[in-house]
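A structural walkthrough
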Amino acid sequence: MSLFQKIAFRGGVHLPEEKDGTNGLPTQTCPLPGKVVIPLSQHTGAICEPLVKSGDLVKKGQKIGEGKSFITSTVHASISGKVVDISPQPHPSGNNVPAITIESDGKDEWADGIAGTGDYLYIDPEKLRAIVLNAGIVGLGGAQFPTHVKLSPPKDKKIEYVILNGAECEPFITSDHRLMVEKPSEIIEGLKIIMKALSVRKAFIGIEKNKPDAISILKSQISNLKSQNMDIEVAPLDIKYPQGAEKQLIKSIVNREIPSGGLPMDVGVVVNNVGTAHAIYNAARHGRPLIERVVTVTGSGVKEPKNLLARIGTSLDFMIQNCGGFAGEPEKVIVGGPMMGTAQHTLKVPVIKGTSAILVFSKGSARADSDYLACIRCGRCIDSCPMGITPNLYGIYYERGMVDAAHSWNLMDCIECGICSYTCPAHRPLVQFIRGLKSEIHKKKKKA
Amino acid sequence: MLSAIIGLGALGCIFGAMLSLASKKFHVQLDPREEALIGALPGTNCGACGFPGCQGMAKAVLKGEAPTNSCTAGGAEVTQRVSAIMGVEAVIKEKEIAVIMCKGGRKEAKDRFRYAGIHDCKAASMIAGGAKSCGYGCLGLATCETVCPYDAIKMDGNALPVVDEKKCTGCGICAANCPKFLIKMIREPNQIHIRCNSLDKGAVTRKNCSVGCIVCKKCEKACPVGAITIRDNLAVIDPFKCDNCRKCVASCPTDTIENYYSGEPRFASLIEKQLDESQSNAAA
């Protein structure tokens, strides 16, 4: 495996891992919540239209929302019960998004017509795409890009490799780690379905070296499957943030660089999260849509950190209560990792498909002031930027309103990994500057 | 020594001759009116006309791409001068003044959460619409104060902007930069303003803010000239009907309607207060 040690992406930082609290804890099933709030936008692309009305009875797994364009997805009822409300509700992104509220009837019955396929490896690719779309499967790593789009590459783009992303490079999060340890065969089957659909023979599973148990379990699963005409390799990766970012992962494993503004397809690679592979297996084999996922609830502010298998739409409040509640007074609650996650202002926010973790920090363990100083031009952000761009300049450009200048310095290549803000000795909120500039650029494009 | 002086002197003569020839050969004929126009414009390069600075507008006027009254900041006086240079009739635009359509400062409308980030309303409004309990209210992070090229906006102690009607030129740059669209450019004669922008239902507004418009419709009834109408849960004054009679101000139970400028030297007293504070701070 020396191959994977030599190739590395530029920049990056080594963060404190903080995974000890939950990486050894088996996943527990979260109790059924009394009510779920299912946002109609849990994916990149067009928002879903509701298929039910207030007062309708729904069952678990029933499709309740559907989008109209190509880049969109579907949403499903995650419990059985009654639709009580369809209105904008708080969403982990911070804004209010239209959502369907379902009150549980406690029966937890599957909807009719949930049927799997025995020979799931031989499903026609066209049909598989429909299954993936109708199961509402999106990238479970956090970006929530609709998976059926990734499975439909344009004809002129030849896909050579599939990469499963099990790097989980953000501190604290252990949900993918637990999934890999507990459901390895299902992940491998899911990967095989993806490989068949794209007619690819070679695949890698990228895992950071701080998860030796996951690496050895997946390796043993692969050795059982040598007879089939497929080559799957587990790639142990150096522990460096952001190893799990799509572009950096591709660079580390197959040493290819995605052109600016391009997609992994442009270099013949398709990347999926391990959780996504698991969801694809469930949809193809058992016909089950994506209605639950593993969420790590951890941090200094929660009494019993846990990995919980939670239904989509469960509120943060309910999740934290099932982990023994707050330990002391909470200072900050983050959905996602500490680097790229978003701080929340209400606990009514539901768990959505991309929610990998809920982090609770007690008073004193999170920085909460907003003081920052002028840029001192030390260049640390440039040294550690994995995209090789210039965050310090963007901060200054934002303050001076120089949107075009920032655009010409490749601002749009930023993946918002948060390293620049993390390394800045002046505590400048550089990612926020960049997001502000990106929104100004989008506004300008719309006007033009 | 002598050879150096002669040598350098000769070089100077040669280059001087070359430069004078070049200036003759490559001479560009300038429209003398451009110089005059730049002189006539205020020279603040605020950009409110939509052209890159005053020179940009001067060029556009010469080409006929911009009307002579494009300079809102300069007002009637500049329009007349520019029109005189161009030899056309001056069409004077009515002067407008920026009005902040929100009274919910820190005391009246509480924050939903603590915001820690860039000190700028545009950036703050991208995070859950800003911290203010009212989704339509002023975020109080002074973006309007920062962008005003005429120093006409200052933040008061309650985190609300105050406009100096004497300094405000009506350029509209603050209005274009407010992410909550709270700044309206309103014609100068109008003195009475309904300082709320909330389109929430009355009960919701009431919960969020003590000075928001609760859509009680009392002002609509009190107005003798029918200038006030209720649109989308908000009372709106028609500036062309209103005659500043102040009856609506007295009728408003939440004190949302305000006689914004007349009588009270709000801006001047604010500056004095800030000066006093800084002096006492310096003394301490």
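Residues numbered from 1 in each chain as written. Chains lettered and ligands numbered in written order. Predicted model: local features only at pLDDT ≥ 70, side-chain atom pairs only at ≥ 80, totals over all residues. Heavy atoms only, no water.

Topic: the packing of helix 2 (residues 32–40) of chain B against helix 3 (residues 53–63) of chain B
Residue and element names in this part refer to chain B. For clarity, the threshold we go by: Geometry is summarised by axes, namely lines fitted to C-alpha atoms with helices restricted to the contacting stretch, and by angles between N-to-C directions that run from 0 to 180 degrees. To qualify as a helix, a DSSP run of H or I must reach at least 4 residues; to qualify as a strand, a run of E must reach at least 2; elements of each kind are numbered from the N terminus. The cut-offs work like this: below 35 degrees is roughly parallel, past 145 is roughly antiparallel, 65 to 115 is roughly perpendicular, and the gaps in between are oblique. With the far helix as reference, a near helix turned anticlockwise by less than a right angle produces a left-handed crossing, and one turned clockwise produces a right-handed crossing. Any pair of residues with heavy atoms lying within 4.5 Å of one another is described as a contacting pair. When residues are grouped by polarity, Ala, Val, Leu, Ile, Met, Phe, Trp, Tyr, Cys and Pro land in nonpolar, Asp, Glu, Lys and Arg in charged, and all others, Gly among them, in polar.
Where helix 2 meets helix 3, the closest approach of the two axes is 9 Å, and the angle between their N-to-C directions is 135°. As summarised for this structure, helix 2 and helix 3 are arranged oblique, according to the angle between their axes. In the packing of helix 2 onto helix 3, the handedness of the crossing is right-handed. Together, Arg33, Glu34, Leu37 and Ile38 of helix 2 and Gln55, Ala58, Lys59, Val61 and Leu62 of helix 3 make up the contact between the two elements. Split into classes, the residues belonging to the contact of helix 2 with helix 3 amount to 5 nonpolar, 1 polar and 3 charged.

A closer look at unusual backbone geometry
All names here are of chain A. Put simply, the rule reads: Think of it in three bands: with a 1.4 Å probe and only protein chains considered, a residue is buried below 20% of the maximum accessible area for its type, exposed above 50%, and partly exposed in between.
For the bond from Tyr241 to Pro242, the omega torsion is -5°, close enough to zero to count as cis. Assignment of secondary structure puts Pro242 in the loop between strand 11 (231–237) and helix 7 (246–254). At Asn255, a position not held by glycine, the phi torsion is positive, near 55°. Relative to the helices and strands, Asn255 is located in the loop between helix 7 and strand 12 (269–273). Residue Asn255 is classed as partly exposed on the basis of its relative accessible area, which comes to 41%.

Comments concerning the side chain of Asp176 of chain A
Within the element layout of this structure, Asp176 of chain A appears in helix 4 (residues 175–182). Excluding residues within four positions of it along the chain, Asp176 of chain A makes contact with Asn165, Glu168, Asn273, Val274 and Arg293 of chain A.

Describing the pattern of salt bridges
Residues and elements named next belong to chain A. Filter applied, for reference: The term salt bridge refers to a pairing of a side-chain nitrogen on Lys or Arg with a carboxyl oxygen on Asp or Glu at a separation within 4 Å.
According to the stated counting rule, one finds 32 salt bridges over all chains in the structure shown. Lys306 is paired through a salt bridge with Glu304; the nearest N and O atoms lie 3.7 Å apart. Overall, the relative accessible area of 14% leaves Lys306 in the buried class. Given a relative accessible area of 42%, Glu304 falls into the partly exposed group. A salt bridge links Lys438 to Glu416; the shortest N-O distance between them is 3.0 Å. Highlighted residues: Lys438 in helix 14 (residues 430–447) and Glu416 in the loop between helix 12 (403–408) and helix 13 (419–423), separated in sequence by 22 residues. Shared partners join several salt bridges into a network, and the residues in it are Lys60, Asp108, Glu292 and Arg311.

Some thoughts on the pairing of strand 1 (residues 96–100) of chain B
Residue and element names in this part refer to chain B. As a reminder of what qualifies: Here a strand pair is declared whenever DSSP counts at least two bridges between the two strands.
In terms of burial, strand 1 is a largely internal element, 4 of the 5 residues being buried. Across 5 bridges, strand 1 lies against strand 4 (residues 183–187) in antiparallel orientation. Of the residues in strand 4, the one forming a bridge with Ile100 is Ile183.

Some thoughts on the sheet that holds strand 14 (residues 306–311) of chain A
All names here are of chain A. Strand order in the open sheet made by the 6 strands is 1-14-13-17-15-16, with mixed pairing throughout. Of all strands in the sheet, those with a lone pairing partner are strand 1 (28–29) and strand 16 (342–343), marking the two edges. Pairing analysis gives 3 bridges linking strand 13 (residues 292–298) to strand 17 (residues 357–362), with the strands arranged parallel. Bridge assignment links Thr298 to a residue of strand 17, and that residue is Leu359. Where helix 4 meets the sheet, its contacts fall on strand 13 and strand 14, and the angle it forms with strand 13 comes to roughly 125°.

Digging into the interface of chain B and chain A
Note the following rule: By convention, the term buried area covers the 1.4 Å-probe accessible surface removed from two parts as they join, with the contributions of both added. Two N or O atoms form a polar contact when they lie within 3.5 Å of each other; inside protein one atom must be a possible hydrogen donor and the other a possible acceptor, and for residues adjacent in sequence the pair counts only when both atoms belong to side chains.
Chain B puts 16 residues into the contact, and the matching count from chain A is 16 residues. Summed over both sides, the interface between chain B and chain A buries roughly 1,300 Å², with carbon and sulfur atoms accounting for 54% of that surface. In terms of surface lost to chain A, no three residues of chain B exceed Arg114, Ile118 and Met126 of chain B, which account for 40% of the buried area on that side. Where chain B meets chain A, there are 2 salt bridges. Here chain B is connected to chain A by 6 residue pairs in polar contact (both at pLDDT 80 or more). Tallied by class, the residues present in the side of chain B that touches chain A amount to 9 nonpolar, 3 polar and 4 charged.

Brief notes about the sheet that holds strand 2 (residues 35–39) of chain A
Residues and elements named next belong to chain A. The antiparallel open sheet is built from 4 strands, whose spatial order is 2-8-7-4. Two strands bound the open sheet, and with one partner strand each, they are strand 2 and strand 4 (57–58). Across 2 bridges, the pairing between strand 4 and strand 7 (residues 81–90) is antiparallel. Bridge assignment links Leu57 to a residue of strand 7, and that residue is Lys82.

What about the domain arrangement of chain A?
Residues and elements named next belong to chain A. What counts here: Delimitation of the domains relies on an automatic or database domain assignment.
What the domain assignment lists for chain A is domain 1 (120–286) and domain 2 (380–447). With 7 residues of domain 1 at the interface, the matching set in domain 2 holds 6 residues. Across the domain 1 to domain 2 interface the summed buried area is about 500 Å²; carbon plus sulfur atoms make up 59%. In this structure, the connection of domain 1 to domain 2 is made through 0 salt bridges. At the junction of domain 1 and domain 2, the tally comes to 3 residue pairs in polar contact (both at pLDDT 80 or more).

Some thoughts on the confidence of the model for chain B
All names here are of chain B. Our working definition: Scored from 0 to 100, pLDDT reflects the predictor's confidence in each residue.
Scored by pLDDT, chain B comes out at a mean of 88, with 94% of its residues at no less than 70. Ranking the elements of chain B by mean pLDDT puts helix 11 (residues 266–283) last, at 66, and helix 1 (residues 2–25) first, at 95. Two numbers describe this predicted complex: its pTM, 0.87, and its ipTM, 0.83.

Remarks on a nonpolar patch on the surface
Which entries qualify depends on this criterion: A patch is a set of surface residues, each over 30% in relative accessible area and not in a salt bridge, joined within 9 Å for like charges and within 5 Å for the nonpolar side chains Val, Leu, Ile, Met, Phe, Trp and Tyr. To be clear on the numbers: accessible area is Shrake-Rupley with a 1.4 Å probe, and residue cover counts the displayed protein chains and nothing else.
Together, Leu8, Leu11, Ile14, Phe15 and Met18 of chain B make up a nonpolar patch on the protein surface, roughly 530 Å² of accessible area in all. Of note, Ile14 of chain B is situated in helix 1.

Brief notes about the state of the cysteines
Using the following cut-off: The disulfide criterion used throughout: a pair of cysteine sulfur atoms within 2.5 Å.
Scanning all chains against the criterion turns up 0 disulfides over all chains. Its sulfur unpaired, Cys381 of chain A is 6.3 Å from the next cysteine sulfur, which belongs to Cys378 of chain A. Since its relative accessible area comes to 9%, Cys381 of chain A is described here as buried. With no disulfide of its own, Cys196 of chain B lies 5.6 Å from the sulfur of Cys213 of chain B, the closest cysteine sulfur.

Some details on the environment of Gly106 of chain A
Position of Gly106 of chain A relative to the elements: it lies in the loop between strand 8 (96–104) and helix 2 (125–134). C-alpha of Gly106 of chain A to C-alpha of Pro33 of chain A: the two residues are 73 residues apart in sequence and 9.0 Å apart in space.

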